Amino acid sequence: MEVDYWLARLLPGRCFLCLASLGDERRGSRPVGWQRAAPLCITCRRHLPFNRRGCPGCGEPLSVAAPSLCGRCLVRPASFDATLAPLLYRGEVRQLMQRYKFGADRRCGQLLVAVFLEGLLERSLEEPGDARQVSPMPEALVAVPVHPERARQRGFDQAQWLTRQLARRLGIPCCVARRRRDDGSQRGLDRRQRRHNLRHAFVVDGRLPQHIALVDDVMTTGATLDSLARACRRRGACHVEAWALARTPRSELC
């Protein structure tokens, strides 16, 4: 696996995961200006854990596709209005994410960004009746902020890097949020504990446009994005989306 990984870094035009040639598969695969095909062969793409039946509200993977919200969102809706998380945090996606997040591997990050943009394109093309319509893009992107001390320890702010990549590709400006305090790791905490731990954790300076998207690498319970969404609404945002590369299924939370 490690040998294949390093070979993939040195051999452009090959599948990032299995090194198969992408010569024929990538032709004609750029539907719009900001979208580039992810460097994956058909076989590897087919085996990626896509979140194809996510709840429109929170992204939780559902057993069957549903146009309406899941039960949890109906009972207690989040502070954000919609979620886009095209992948599930498991298997190859987990390995890619860990290399990106903890190894600061930008190439893994670029692959995940490309897959996310494909999901964004798929969602943005709706078919009301016979007319094909493009859903409006947010007016600004806001990265889930990392506390400065944690960013110094890690040497890399993964959400900020992701947000800048997406902003550049989509031609959307970035707005900045700050983290008031370092709340430590959220691992092992359930949804209620995370929500309590993150109360008033974020602050946004200045006014925000009405339609924004929050950006993070992995959405676990949604508590972090929910807290940031509340802070953004206090600064003028009316329609808030949550964007994450991957979603952790509730059944797989530790």
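Since the structure is predicted, the reported quantities are computational estimates derived from the model, not experimental observations. (Residues numbered from 1 in each chain as written. Predicted model: local features only at pLDDT ≥ 70, side-chain atom pairs only at ≥ 80, totals over all residues. Heavy atoms only, no water.)

Trainee: Help me out: how do you make sense of the packing of helix α5 (residues 106-124) against helix α7 (residues 158-170) in this one?
Mentor: Two numbers describe how α5 lies on α7: the axes approach to 11 Å, and their chain directions differ by 50°. With respect to α7, the element α5 is oriented oblique. At the point where α5 passes α7, the crossing takes the right-handed sense. Where α5 approaches α7, its residues Arg106, Gly109, Gln110, Val113, Phe116, Leu117 and Leu120 are matched on the opposing element by Trp161, Leu162, Gln165, Leu166, Arg169 and Leu170. Residue composition of the contact of α5 with α7, by class: eight nonpolar, three polar and two charged. (Axes fitted to C-alpha atoms, helices over the stretch in contact; angles between N-to-C directions. Helix = DSSP H or I, 4+ residues; strand = E, 2+ residues; numbered from the N terminus. Parallel < 35°, antiparallel > 145°, perpendicular 65-115°, else oblique. Left-handed = near helix turned anticlockwise from the far one by under 90°. Contact = heavy atoms within 4.5 Å. Nonpolar A, V, L, I, M, F, W, Y, C, P; charged D, E, K, R; others polar.)

Trainee: Is there a simple way to think about the state of the cysteines in this case?
Mentor: Scanning the model with the defined rule gives zero disulfides in all. Cysteine Cys58 is unpaired, with the sulfur of Cys73 as its nearest cysteine sulfur at 3.7 Å. Residue classification places Cys58 among the buried residues on the basis of a relative accessible area of 7%. Cys174 takes part in no disulfide bond, and the closest cysteine sulfur, belonging to Cys175, lies 7.7 Å away. (Disulfide = S-S within 2.5 Å. Buried < 20%, exposed > 50% of the residue type's maximum accessible area, 1.4 Å probe, protein only.)

Trainee: Looking at this structure, I do not really get helix α4 (residues 91-103). What am I missing?
Mentor: Helical geometry note: an α-helix holds 3.6 residues per turn, so side chains three or four residues apart project in the same direction. In a regular helix each residue adds 1.5 Å, so 13 residues correspond to 18 Å; α4 covers 17 Å between its end C-alpha atoms and thus fits that length. Among the residues of α4, those classed as buried are Val93, Leu96, Met97, Arg99 and Tyr100. Down the axis of α4, the smallest arc covering the buried residues is 160°, so these residues share one side. (Expected span 1.5 Å × (residues − 1). Arc of directions from axis to C-beta.)

Trainee: It is not clear to me how unusual backbone geometry should be interpreted in this structure. Could you clarify?
Mentor: Of all residues except glycine, most have a negative phi; of all peptide bonds, most are trans. Positive phi outside glycine occurs at Leu19, with the angle close to 70°. Looking at the element boundaries, Leu19 is found in the loop between α1 (2-10) and α2 (42-47). In this structure, Ala104 is a non-glycine residue whose phi angle is positive, near 55°. Structurally, Ala104 is set in the loop between α4 and α5.

Trainee: Would you explain the nonpolar core in this entry?
Mentor: Nonpolar side chains in soluble globular proteins tend to end up buried together. With 40 residues, the main nonpolar core has Leu17, Leu40, Leu87, Met97, Leu141, Leu166 and Trp243 as its most contacted residues. Within the residue set of this core, elements represented by two or more residues are α4, α5, α7, β9 (211-219) and β10 (239-247). At nine residues, α5 tops the list of elements feeding residues into this core. In terms of nonpolar packing, the next biggest core, distinct from the first, is built from 22 residues, Ala140, Met219, Val240 and Ala242 among them. (Core = buried A, V, L, I, M, F, W, Y, C linked by side-chain atoms within 4.5 Å.)

Trainee: In this structure, what is going on with the side chain of Asp216? I would like to understand it.
Mentor: Locating Asp216 in the fold gives a position in strand β9. Despite its burial, Asp216 remains without a salt bridge, the nearest opposite charge being carried by Lys101 at 6.2 Å. Contacts of Asp216, omitting those with residues within four sequence positions, involve Val144, Ala159, Leu162, Leu225, Trp243, Ala244 and Leu245. (Lys, Arg positive; Asp, Glu negative; His and termini not counted. Salt bridge = Lys/Arg side-chain N within 4 Å of Asp/Glu carboxyl O.)

Trainee: Could you clarify how one ought to interpret the pattern of salt bridges in this entry?
Mentor: A side chain of one charge can pair with a side chain of the opposite charge when the charged atoms of the two come close. Applying the stated criterion across every chain yields a total of eight salt bridges. Measuring nitrogen to oxygen at the nearest pair gives 4.0 Å for the salt bridge that ties Arg250 to Glu60. Of this pair, Arg250 sits in the segment after β10 while Glu60 sits in the loop between α2 and α3 (71-75), and the two are 190 residues apart along the sequence. Relative accessible area serves as the criterion here: at 31%, Arg250 is assigned to the partly exposed category. The structure contains a network of salt bridges with shared partners spanning Glu60, Arg247 and Arg250.

Trainee: Any chance you could explain the confidence of the model for the chain here in plain terms?
Mentor: It should be kept in mind that the predicted coordinates are not to be read in detail where pLDDT is low. Averaged over every residue, the pLDDT of the chain is 82; residues scoring 70 or more account for 76%. Within the model, pLDDT remains below 50 along residues 1-10, and this stretch shows 16 contacts once partners closer than five positions in the same chain are excluded. Confidence drops under a pLDDT of 50 for residues 127-134, and excluding neighbours within four residues, the segment shows ten contacts in the predicted structure. (pLDDT = per-residue confidence, 0-100.)

Trainee: Would you explain the pairing of β9 in this entry?
Mentor: Each regular strand carries side chains that alternate between the two faces of the sheet. The buried fraction of β9 amounts to nine of the nine residues, a majority that puts the element mostly inside the structure. Note that β9 and β10 share eight bridges and pair parallel. Counterpart to Asp216 in the pairing with β10 is Ala244. (Pairing = 2+ DSSP bridges.)

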